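# Working through the structure, step by step
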Amino acid sequence: MDSANKNYRALILWVVGLIVIGALIGNLTKNDINAWYVALNKSPLTPADYIFGIVWSILYAIIGISGWFIWQNKSKLVRSVKKLYIAQLFLNWSWTPLFFTYHLTGTAFFCILLLVLLVGIIIFKTYKMLRIVSLLLVPYLLWLLFAAYLNFYIWHYNA
């Protein structure tokens, strides 16, 4: 197997892996969404439920591609970006159970704010050395800001 094929296989693993993990976490909270979330006061800007699955699938693909690019870079400067990337994944995966399973809407809001901060730092740090990562993560950051607004609305209007 040549190096190019190995790299493309790694890219596919990154993308598929993140989409699968996102789907598993989503499935674990499906009952909480049906039982709790539907009864909440939500923002008038809240998209239809099916939109979330589509958007998150696309975003997890983008996050996977970004992770692949980060791990392809062997520069010592990327070490801190790798740590930030792992931390943002942990926060991303933590938000769903905090919000949907434990109904900790305030804690989930602060979790997503920290997630926004980390993704913003990654975008800033990668702009010069890995511009593709920086640009790929912009839609993720924008969606996180929107999700933070939706989370805040629910926290504020359902207390």
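Structural notes, computed from the coordinates. Keep in mind that what you see is a predicted model, and the values were worked out from it rather than measured.

For the rest of this paragraph, the subject is the packing of helix α3 (residues 49-72) against helix α6 (residues 131-157). At a minimum axis separation of 9 Å, α3 and α6 run at an interaxial angle of 145°. α3 and α6 meet at a crossing whose hand is left-handed. Here F52, V55, W56, L59, I62, I63, I65, S66, F69 and I70 of α3 lie close against α6, whose contacting residues are I132, V133, L136, L137, P139, Y140, W143, L144 and L150. Residues belonging to the contact of α3 with α6 are distributed by class as follows: 18 nonpolar, one polar and no charged.

In this section: helix α4 (residues 79-101). Given 3.6 residues per helical turn, the α-helix brings residues three or four places apart onto the same face. Here α4 is 23 residues long and its end C-alpha atoms lie 33 Å apart, about the 33 Å a rise of 1.5 Å per residue gives. Downstream of α4 by a residue or two, H103 has a phi angle that is positive, lying close to 55°.

Turning next to unusual backbone geometry. When glycine is set aside, most residues are seen to have a negative phi, and most peptide bonds are trans. The phi dihedral of H103 falls on the positive side, at around 55°, and the residue is not glycine. With respect to the helices and strands, H103 occurs in the loop between α4 and α5 (105-126). With relative accessibility at 33%, the residue H103 sits in the partly exposed group.

If you walk through the whole model with that rule in mind, you get 23 aromatic pairs. Centroid distance W68 to F69: 5.0 Å. Interplanar angle 65°. Geometry classified as edge-to-face. Their ring planes at 35° and their centres at 4.3 Å tell us that Y153 and Y157 sit as a pair that is tilted. Note that Y153 and Y157 are positioned in helix α6 at a spacing of four residues, about one turn of the helix. Taken together, the ring pairs in this structure connect F52, W143, F146, Y149, Y153 and Y157 into an aromatic cluster. One residue, K42, lies across the ring of Y37, its end atom 4.6 Å from the ring centre. The aromatic ring of Y127 is capped on one face by R131, whose charged end is 4.0 Å from the ring centroid.

So, on to the packing of α4 against α5. The N-to-C vectors of α4 and α5 enclose an angle of 155°; their axes lie 9 Å apart at closest approach. With respect to their mutual orientation, α4 and α5 come out roughly antiparallel. Relative to α5, α4 is oriented so that their crossing is left-handed. Taken together, the residues of the contact of α4 with α5 sort by class into 17 nonpolar, six polar and one charged.

Quick notes on the rules
Residues numbered from 1 in each chain as written. Predicted model: local features only at pLDDT ≥ 70, side-chain atom pairs only at ≥ 80, totals over all residues. Heavy atoms only, no water. Axes fitted to C-alpha atoms, helices over the stretch in contact; angles between N-to-C directions. Helix = DSSP H or I, 4+ residues; strand = E, 2+ residues; numbered from the N terminus. Left-handed = near helix turned anticlockwise from the far one by under 90°. Contact = heavy atoms within 4.5 Å. Nonpolar A, V, L, I, M, F, W, Y, C, P; charged D, E, K, R; others polar. Expected span 1.5 Å × (residues − 1). Buried < 20%, exposed > 50% of the residue type's maximum accessible area, 1.4 Å probe, protein only. Phe/Tyr/Trp six-rings, centres within 6.5 Å; stacked < 30°, edge-to-face > 60°. Lys NZ or Arg CZ within 6 Å of the ring centre and 35° of its normal. Parallel < 35°, antiparallel > 145°, perpendicular 65-115°, else oblique.

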